[in-house]
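Spelled out from the first residue to the last, the chains are:
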Amino acid sequence: SGHYGRGQAVVVADSFNSRFKPITLDRPRCLLPLVNRPLIDYTIEHLIEHGFYDITILARAHSEKIKAHLDQSNFKKLDARVSFSFHSLSADSCLSYGDAIRELSNSGEIRGPFVLLASDVISNMDLRQAMEYHQANKKKDKECIMTCIFKKAMPGHPTRGLEDDVVVCTNPHSNQLLAFHNANVKKFYYEIDLFTTNEVVDFHYDLMNTHVFLCEAHVPARFGDHFDIQDMESFIKGVVGEDETCIENIYIHILEDRYAARVTNLRTYVSVSQDIINRWTYPVVPDNYYNASGEYIYRKRGIYLSNSVKLYKANIAQNTVVGPETTIDRETEITDSVIGSKCEIGRNVKITKSFIWDEVTIEEGCIIDNAVLASGAKVYKKSTINPGCILAIDTAVGPNVVLDPGTKVTAFSASHLRTDSGCSNDSEDTKCSGDNDISDTDMDENLGADGWRYVYKSEEEDEDDSVISEYHKKWYLPHQGIRTIDEISDSSDSTPVPSESGIEEDGFYRELFDSMNGGYDNKTNIDHVILEINSSKHAYNVSVNDCLMYVCRGVVEACPDLSTQLPNYLKYFKPLLAKFTNDLSSQLIILDELQAWSLEYDRVEYVQKILHIMYEEDILDESVILRWNETANPEIKNKICRFITWLLEAEEESSEESD
């Protein structure tokens, strides 16, 4: 794979659309944090890991901020062979993706096959292997100019943007692309030659364009030859049919078992964030970030906590990431959310399915539901941020304010946006100058006494196609958490519904619970119970860690009397627990799940007994329990302090005997 030397890649660091306004009025999309990491960092690290060391960045809006970020990054420490070539494109002359590629053509930097991709691609695909596939196509077909990477994703898939719906027509034997259409149009036509010159034609409506393209060196020149090409879709259509003078060919490569998705709008931002948290992108996960080794610890049920988080009796529920140096006060509940670094979250705050970026302040008694709070935002006490709300950088709301659903707050006034020549409605990523000359008296009164700046209204929202507009307005996605067996049984709909991660959680837990309960009651051989649970695990596509979490909860929930029958229950299910607890991280999952269960259902008094039995039965190691205790909930710590003291004394005695 190294016969073409150092891999070369081109990253287009501008979106040329307005899907993230008003956040991107003063920060480019590629620097927005996705699960507490700038978007472009995922792309750059992915390239470096697969040997693409010569990286050309095409940046237009806020290009100075992107360059400063790369200059300050540790990418060259990751690999000394990394070399960046940065091109700052003019906002006046570069108005589209096509213009950016024409600028690339004029630079003369491309010397051979290269990877062309957007700065918002999240993937764990093997790029070297993909390039080898492209070169194999080139060897068989000298007219092969490009290979497009597609990912299997049915219509309606959370990471498949509505504006990216495409119908792809291919030759199934060679994977040559024969036709390409955007599915949002009412009709499209195929030439009869398509069917007469090909024995078999495949039509795909189950493919998502990843916007990763493996290109020959003269692809940019083709853009230069045709100034009407404004995007990659136009280029592809020209090559495969619309341009009769073109004799070149394009091929496709379909990813089956690898992850690839773009963060093109707030909907995909939510979906890709969930996929990262649920580890579908592995090894691209928070506890494995290249520049934060050891910073995040993966706990249970998709919980990632930084080492420097300060929690004061706060309840951190499933699918939540909390960044470094963040403080969370008592009685606060956070679920299905991402919290950035250096945030201050007060007492009795409820945060659900939201994205809180760096240095955000949320005072006591606030409710944040399905919202985005950008860096530096402040929500003063007893305020409610309803679904779909966006607080842009350095804005404020409150106190005692209820924001209407879908409200967007920006630091820029409407008059400033209309008159500032640096702001364009054609792109969200167009640089806007500061607005510091506006007095406090000009602020929007609907934001509260301490509210800061303005309610934002996008003019293009009214001009958008109604379906597309509604799609982007309802960007937040429902996400079903793990429920207890009682909650499942009481549900009005008894049919299990797959979650976004592909796991029919309720159905799996119901089967697991029945297997465990029936096995214990009937004194069934535990090996048969394990076999049943394994079958359910594979049927519902449940990960090993998730299965362990459910087993742990099943043991304590199924036990009819924790006071008298718990020892017998744990002894019976010891082989089942032992099957999953073969390392430190799996034991931490058990401990974290016990903590969450006991706090949620007021069973803290039983934790010490459970830990003692699990320790005596060699299910949990002494060192793991002591380590976990250091970050355990204060209420739990208080209840198990005698057991911890006993463990420490036993450890000291053992050390003395060995001496």
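Given the structure is predicted, the values throughout are model-derived calculations rather than measurements.

Cut-offs applied
- Residues numbered from 1 in each chain as written.
- Predicted model: local features only at pLDDT ≥ 70, side-chain atom pairs only at ≥ 80, totals over all residues.
- Heavy atoms only, no water.
- Buried < 20%, exposed > 50% of the residue type's maximum accessible area, 1.4 Å probe, protein only.
- Helix = DSSP H or I, 4+ residues; strand = E, 2+ residues; numbered from the N terminus.
- pLDDT = per-residue confidence, 0-100.
- Contact = heavy atoms within 4.5 Å.
- Pairing = 2+ DSSP bridges.
- Core = buried A, V, L, I, M, F, W, Y, C linked by side-chain atoms within 4.5 Å.
- Axes fitted to C-alpha atoms, helices over the stretch in contact; angles between N-to-C directions.
- Parallel < 35°, antiparallel > 145°, perpendicular 65-115°, else oblique.
- Left-handed = near helix turned anticlockwise from the far one by under 90°.
- Nonpolar A, V, L, I, M, F, W, Y, C, P; charged D, E, K, R; others polar.
- Right-handed = clockwise from strand over helix to strand, strands pointing away.
- Phe/Tyr/Trp six-rings, centres within 6.5 Å; stacked < 30°, edge-to-face > 60°.
- Lys NZ or Arg CZ within 6 Å of the ring centre and 35° of its normal.

S.K.: I'm lost on helix α20 (residues 622–629) in this one. Help?
M.R.: At 3.6 residues per turn, the α-helix brings residues three or four places apart onto the same side. The buried count for α20 comes to six of eight residues, which makes it a mostly enclosed element. Three or more residues of α20 are buried, namely E622, V624, I625, L626, W628 and N629.

S.K.: Is there a simple way to think about the confidence of the model for the chain in this case?
M.R.: Interpretation of this model should avoid reading the predicted coordinates in detail wherever pLDDT is low. Summary statistics for the chain give a mean pLDDT of 81 and a share of 83% for residues scoring 70 or more. Contacts of residues 418–426 to residues separated by more than four positions or lying in other chains number 17 contacts, the stretch itself having pLDDT below 50. Segment residues 429–442 is flagged for pLDDT under 50; beyond a separation of four residues in sequence, or across chains, it makes 44 contacts in the model.

S.K.: Please explain the sheet that holds strand β14 (residues 303–306) as it appears in this structure.
M.R.: By way of backbone hydrogen bonds, the strands of a sheet pair with one another, either parallel or antiparallel. With respect to topology, nine strands assemble into an open sheet ordered β13-β14-β17-β20-β23-β26-β29-β32-β33, the strand pairing being mixed. Single-partner strands in this sheet number two, and they are β13 (296–298) and β33 (454–455). When strand β26 (residues 372–373) meets strand β29 (residues 390–391), the two strands line up parallel, connected through two bridges. For L373, the partnering residue across the bridge sits in β29 and is L391.

S.K.: Explanation requested: unusual backbone geometry in the structure shown.
M.R.: Across residues other than glycine, the phi torsion is negative in most instances, and most of the peptide bonds are trans. Following Y282, the chain continues to P283 via a peptide bond in cis, the omega torsion being 10°. Its location among the elements puts P283 in the loop between α9 (266–277) and β13. Residues G398 and P399 are joined by a peptide bond in cis, for which omega reads 0°. Its location among the elements puts P399 in the loop between β30 (396–397) and β31 (402–403). Backbone geometry at K313 places phi at a positive 55°, although glycine is not the residue there. Structurally, K313 is set in the loop between β15 (310–311) and β16 (315–316).

S.K.: It is not clear to me how the nonpolar core should be interpreted in this structure. Could you clarify?
M.R.: One broad trend across soluble globular proteins is that nonpolar side chains are buried collectively. Counting residues in each nonpolar core, the largest one holds 57 residues, and the members touching the most others are F573, I590, L611 and M614. For this core, the elements supplying multiple residues, two or more each, are α14 (505–521), α15 (526–539), α16 (544–558), α17 (566–580), α18 (584–600), α19 (607–616), α20 and α21 (634–658). Here this core gets nine residues from one element, more than from any other, and that element is α16. Excluding residues within four positions of it along the chain, I590 makes contact with L548, C552, L577, T581, M614, I619 and L620. If you look at the next biggest cluster of nonpolar residues, it comprises 34 residues, including L89, C94, M146 and F150.

S.K.: Teacher, can you tell me more about the packing of α18 against α19 here?
M.R.: Each pair of packed helices gets described by two things: the angle between the helix axes and the distance between those axes. Look at α18 against α19: their axes get within 11 Å of each other, and the N-to-C directions meet at 160°. One finds that α18 runs roughly antiparallel with respect to α19. Both α18 and α19 take part in a crossing whose hand is right-handed. From α18, I590, L591, L594, W597 and S598 reach across to α19, where they touch V607, I610, L611 and M614. Its residues assigned to classes, the contact of α18 with α19 comprises eight nonpolar, one polar and no charged.

S.K.: Explanation requested: the sheet that holds β31 in the structure shown.
M.R.: Pairing is parallel across the open sheet formed by six strands, whose spatial order is β16-β19-β22-β25-β28-β31. Only two strands of the sheet have a single neighbouring strand rather than two, namely β16 and β31. By the bridge criterion, three bridges tie strand β19 (residues 333–335) to strand β22 (residues 350–352) in an arrangement that is parallel. Bridged to I334 within β22 is I351.

S.K.: I would appreciate a short explanation of the environment of E617 in the present structure.
M.R.: Of note, E617 is situated in the loop between α19 and α20. The spatial distance from the C-alpha of E617 to the C-alpha of L570 is 8.3 Å, given a sequence separation of 47 residues.

S.K.: What is the right way to look at the environment of A411 in this model?
M.R.: Structurally, A411 can be placed in the loop between β32 (408–410) and α10 (414–419). In sequence terms A411 and D26 are 385 residues apart; their C-alpha atoms lie 9.3 Å from each other.

S.K.: I would appreciate a short explanation of the pairing of strand β1 (residues 8–12) in the present structure.
M.R.: Within a regular strand, the side chains alternate between the two sheet faces. The element β1 is extensively covered by neighbouring structure, given that five of its five residues are classed as buried. Burial along β1 is two-sided: the residues Q8, V10 and V12 and A9 and V11 are all buried. With five bridges joining them, β1 and strand β4 (residues 114–118) adopt parallel strand pairing. Paired with A9 across the strands is V115, a residue of β4. Taken together, the five bridges between β1 and strand β2 (residues 54–59) define a ladder with parallel strand orientation. Each bridged residue has a counterpart across the sheet, and for Q8 the counterpart in β2 is D54. You can see the chain leave β1, run along helix α1 (residues 39–49) and come back into β2, and the turn it takes is right-handed.

S.K.: Before we go on, may I ask you to explain the packing of aromatic side chains in this structure?
M.R.: Each aromatic ring pair is described using two quantities: the centre-to-centre distance and the angle formed by the ring planes. Under the counting rule described, the total for this entry stands at 19 aromatic pairs. Centroid distance Y298 to Y304: 4.9 Å. Interplanar angle 35°. Geometry classified as tilted. Look at Y509 and Y550: their rings are 5.6 Å apart centre to centre, the planes differ by 35°, and that puts the pair in the tilted class. Residue Y509 is found in helix α14, and its partner Y550 is found in helix α16; the two are separated by 41 residues along the sequence. For the pair formed by Y509 and Y550, the shared burial category is buried. The residue whose ring lies beneath R37 is Y42, and the NZ or CZ to ring-centre distance is 4.9 Å. In this arrangement the basic side chain of K523 is found over the ring face of Y520, its NZ or CZ atom lying 4.6 Å from the centre.

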